Amino acid sequence: QDAAYKLEALGLDPDLVVLSPLARAADTGRAFLARKPSFPQDRILTWESAAEMRFGDWDNMMVKDMPTDSICHLFYLGQNAVVKSSGLYIDPASGNTVPGENFVEVLHRTQNMLSTLTETVDGLPSRSDGKPKQVIIYGHSMAGAALSVLTGNGKQVDGQSYLGFDGKYIMPNATPVKLVDAA
């Protein structure tokens with residue numbers, strides 16, 4: 001609900017809403033959409049490509065709880081984009097398992113999502129108010145970090161802009177971040 005209030009305060013009038021299939025982000029999106037009952041249902045899309053990074057058997061674990069010799073510390077603390085868990089990721093909705101991902105793989109998945117998004121937005125009618133089309137994506141921290149990196153939108157940390165993907169460089173949870181102004 002807090003994220004819905006934050007978005008509503010920004011006065012956003014989206015033309016398209018993309019939801020992650022994972023409950024936490026999808027529920028946040030639905031809380032915002034509940035305030036807009038006339039929003040066209042065919043413009044609410046759920047895309048697997050908007051899902052969080054598949055952390056394998058690191059999913060839902062805190063770094064501090066991992067063994068000190070775990071390779072995960074290279075990812076979390078060393079910003080190593082190719083490190084990943086050797087364990088399988090278990091989809092919470094279906095129970096299906098898939099291999100874990102590293103951040104480079106998330107970047108590739110997100111790049112594909114951006115291509116699909118561009119095609120989808122290009123197919124939408126122009127706005128009657130003449131303003132650029134707006135898209136809201138309800139995703140997750142690492143998927144958001146991938147979007148941030150791919151769109152060149154770093155986070156300001158200590159007076160500098162960074163394109164890091166974890167730690168103090170990551171996008172804030174449940175906080176709207178404007179990535180791109182469409183032409």
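Each value, and the rule that gives it
The residue count restarts for each chain, going from 1 along the sequence in the order it is written. In keeping with the model being predicted, local features are shown solely for residues with a pLDDT of at least 70 and side-chain atom pairs are shown and tallied solely at 80 or more, while totals for entire chains, interfaces and linings include all residues. Note that the side-chain values use all heavy atoms of the structure and ignore hydrogens as well as water. Starting at the N terminus, helices and strands are each numbered in turn, a helix being any DSSP run of H or I of at least four residues and a strand any DSSP run of E of at least two. Accessible area is worked out with a 1.4 Å probe on protein chains only. A residue is then buried under 20% of its type maximum, exposed over 50%, and partly exposed in between. Surface exposure here means Shrake-Rupley accessible area, sampled with a 1.4 Å probe, where a residue is shielded only by the protein chains that are shown. Remark: nonpolar core denotes a set of buried residues (Ala, Val, Leu, Ile, Met, Phe, Trp, Tyr, Cys) joined through side-chain atoms within 4.5 Å. Note on contacts: a residue pair qualifies if any of its non-hydrogen atoms lie within 4.5 Å across the two residues. By definition here, a salt bridge exists when the distance from a side-chain nitrogen of Lys or Arg to a carboxyl oxygen of Asp or Glu is within 4 Å. At least two bridges found by DSSP between two strands are what make those strands a pair. Helix axes are fitted to C-alpha atoms over the stretch in contact, other axes to C-alpha atoms as well, and angles between N-to-C directions run from 0 to 180 degrees. Angles below 35 degrees are treated as roughly parallel, those above 145 as roughly antiparallel, those between 65 and 115 as roughly perpendicular, and all remaining angles as oblique. By convention, the crossing between two helices is left-handed when the near helix turns anticlockwise from the far helix through less than a right angle, and right-handed when the turn is clockwise. Throughout, the ten residues Ala, Val, Leu, Ile, Met, Phe, Trp, Tyr, Cys and Pro are labelled nonpolar, Asp, Glu, Lys and Arg are labelled charged, and all others, Gly among them, are labelled polar.

A. Representation of the overall build of the protein chain. For the protein chain, the count of helices and strands is five helices and seven strands. N-terminal to C-terminal, the α/β element order of the protein chain is α-β-α-β-α-β-β-α-β-α-β-β. Looking at the 183 residues of the protein chain, the share that counts as buried comes to 38%. Approximately 10400 Å² of the protein chain is accessible, and the part contributed by carbon and sulfur atoms is 53%.

B. Seen up close, the nonpolar core. Residues Met-53, Phe-55, Trp-58, Met-66, Cys-72, Val-83, Phe-103, Val-106, Leu-107, Met-142, Ala-145 and Ala-146 constitute the largest nonpolar core, which totals 12 residues. The next biggest cluster of nonpolar side chains, apart from the first, holds 11 residues, and it includes Ala-4, Val-17, Ala-25 and Tyr-138.

C. Quick look at helix 2 (residues 23-33). Looking at helix 2, one finds that the buried residues are Ala-25, Ala-26, Gly-29, Ala-31, Phe-32 and Leu-33. Looking at the buried side of helix 2, the elements it contacts are helix 1 (2-9), strand 1 (16-19), strand 2 (44-46) and strand 5 (135-138).

D. Layout of the side chain of Ser-20. Here Ser-20 shows up in the loop between strand 1 and helix 2. Apart from the residues within four sequence positions on either side, Ser-20 is in contact with Ala-25, Ala-26, Thr-46, Trp-47, Ala-50, Ala-51, Tyr-138, Gly-139 and His-140.

E. Fine view of the pattern of salt bridges. With the rule as written, the count across this model stands at eight salt bridges. Here Asp-27 and Arg-30 are joined by a salt bridge, their closest N and O atoms 3.2 Å apart. Of this pair, Asp-27 and Arg-30 both sit in helix 2, separated by three residues, roughly a single helical turn. A residue is classified by how much of its surface remains accessible, and Asp-27, at 47% relative accessible area, is partly exposed. A salt bridge links Arg-127 to Asp-129; its shortest N-O distance comes to 3.0 Å.

F. The arrangement of the pairing of strand 1 in detail. With burial as the criterion, each face of strand 1 is covered, one bearing Leu-16 and Val-18 and the other bearing Val-17 and Leu-19. Across four bridges, the pairing between strand 1 and strand 5 is parallel. Paired with Leu-16 across the strands is Val-135, a residue of strand 5. Across three bridges, the pairing between strand 1 and strand 2 is parallel. Residue pairing across strands places Leu-19 opposite Thr-46, the latter belonging to strand 2.

G. Highlighting the sheet that holds strand 2. Pairing within the open sheet is parallel, and its three strands lie in the order 2-1-5. With partners counted over all chains shown, the strands left at the sheet margins are strand 2 and strand 5, one partner each. Strand-to-strand twist across the sheet, computed as the mean angle between neighbouring axes with direction ignored, equals 15 degrees.

H. A look at the side chain of Asp-15. Within the fold, Asp-15 resides in the loop between helix 1 and strand 1. For Asp-15, a relative accessible area of 8% gives the class buried. Contact partners of Asp-15, with chain neighbours within four places excluded, come to Phe-39, Arg-43, Leu-124, Arg-127, Pro-132, Lys-133 and Gln-134.

I. Spatial organisation of the packing of helix 4 (residues 103-122) against helix 5 (residues 141-151). At a minimum axis separation of 9 Å, helix 4 and helix 5 run at an interaxial angle of 70 degrees. Relative to helix 5, helix 4 is oriented roughly perpendicular. The way helix 4 lies across helix 5 gives a crossing that is right-handed. Contacts between helix 4 and helix 5 involve Phe-103, Val-106, Leu-107, Thr-110, Gln-111, Met-113 and Leu-114 from the first element and Met-142, Ala-143, Ala-145, Ala-146, Leu-147, Val-149 and Leu-150 from the second. Its residues assigned to classes, the contact of helix 4 with helix 5 comprises 12 nonpolar, two polar and no charged.

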